[in-house]
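# Working through the structure, step by step
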Amino acid sequence: MDAVTAAKTRIDKALSLLERKVLELKARPATAPAITDDDLFAPRPSNAADLVRIAELEAAGRDAAEALGRAAEAVREVLAEQEAR
């Protein structure tokens, strides 16, 4: 297995795990208790500024996940082109 294929495999696995976790979190009702291992390092929000900051970080995380998805797709396309040759 070459390095590009290995990288693609790792990206696909990471995306799959991330997507599953996001779907699990989205499926939880808003009234459900917090998940203890949701984010071990994030302090609990104590004021409106914290809530805004957390929302911004979550949005940035979603943007990063989408960018990673696009990058993975680009790697897939390059691999498909190489295999077609």
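As the structure is a computational prediction, the values presented were derived from the model and not from experiment. (Residues numbered from 1 in each chain as written. Predicted model: local features only at pLDDT ≥ 70, side-chain atom pairs only at ≥ 80, totals over all residues. Heavy atoms only, no water.)

### Looking at the overall build of the protein chain
Our working definition: Here a strand is any run of E in DSSP of at least two residues, a helix any run of H or I of at least four, and the numbering for each starts at the N terminus. Here the term buried applies to any residue with accessible area under 20% of the maximum for its type, exposed to any over 50%, and partly exposed to those in between, with areas from a 1.4 Å probe on protein chains only. Calculation of accessible area relied on Shrake-Rupley with a 1.4 Å probe; when residues are assessed, cover is drawn exclusively from the protein chains displayed.
When its secondary structure is counted, the protein chain shows 2 helices and 0 strands. Each of the 85 residues in the protein chain was classed as buried or not, and the buried ones make up 5%. Looking at the protein chain as shown, the accessible area adds up to about 6900 Å², and 60% of this sits on carbon and sulfur atoms.

### What to know about helix α2 (residues 48–84)
For clarity, the cut-off: By this rule, a helix spans an expected 1.5 Å times one less than how many residues it contains. For this analysis, residues touch if any pair of their heavy atoms sits within 4.5 Å. Pairs of N or O atoms are called polar contacts if they sit within 3.5 Å, as long as, within protein, a hydrogen donor faces a hydrogen acceptor (for residues adjacent in sequence, only side-chain-to-side-chain pairs).
Given a rise of 1.5 Å per residue, 37 residues ought to cover 54 Å, and the 54 Å separating the end C-alpha atoms of α2 matches this to within 8%. Among the residues of α2, Asp50, Ala72 and Leu79 are the ones counted as buried. Against the buried residues of α2 lie α1 (3–27). At the N-terminal end of α2, a side-chain oxygen is found 3.0 Å from the backbone nitrogen of Ala49, two or three residues along, and the residue is Asn47.

### Let's talk about the pattern of salt bridges
Put simply, the rule is: Whenever a carboxyl oxygen of Asp or Glu lies within 4 Å of a side-chain nitrogen of Lys or Arg, that contact is scored as a salt bridge.
This model, assessed by the stated rule, comprises 4 salt bridges. A salt bridge links Asp12 to Lys8; the shortest N-O distance between them is 2.8 Å. Of this pair, Asp12 and Lys8 both sit in helix α1, separated by 4 residues, roughly a single helical turn. The partner of Arg20 in a salt bridge is Glu24, and the shortest N-O contact between them spans 3.5 Å. Taken as a pair, Arg20 and Glu24 lie in helix α1 at a separation of 4 residues, close to a single helical turn.

### Describing the packing of α1 against α2
To keep things clear, this is the line we draw: Geometry is summarised by axes, namely lines fitted to C-alpha atoms with helices restricted to the contacting stretch, and by angles between N-to-C directions that run from 0 to 180 degrees. In this scheme the crossing of two helices becomes right-handed for a clockwise turn of the near helix relative to the far one and left-handed for an anticlockwise turn of less than a right angle. Gly counts as polar in this scheme, as do all residues outside two lists: the nonpolar Ala, Val, Leu, Ile, Met, Phe, Trp, Tyr, Cys and Pro, and the charged Asp, Glu, Lys and Arg.
At a closest axis distance of 10 Å, the pairing of α1 and α2 adopts a crossing angle of 145 degrees. As for the relative orientation of α1 and α2, their crossing is left-handed in sense. Every residue of α2 that contacts α1 at Val4, Thr5, Lys8, Ile11, Asp12, Leu15 and Leu18 is listed here: Ala65, Leu68, Gly69, Ala72, Val75, Arg76 and Leu79. Counted by class, the contact of α1 with α2 contains 9 nonpolar, 2 polar and 3 charged residues.

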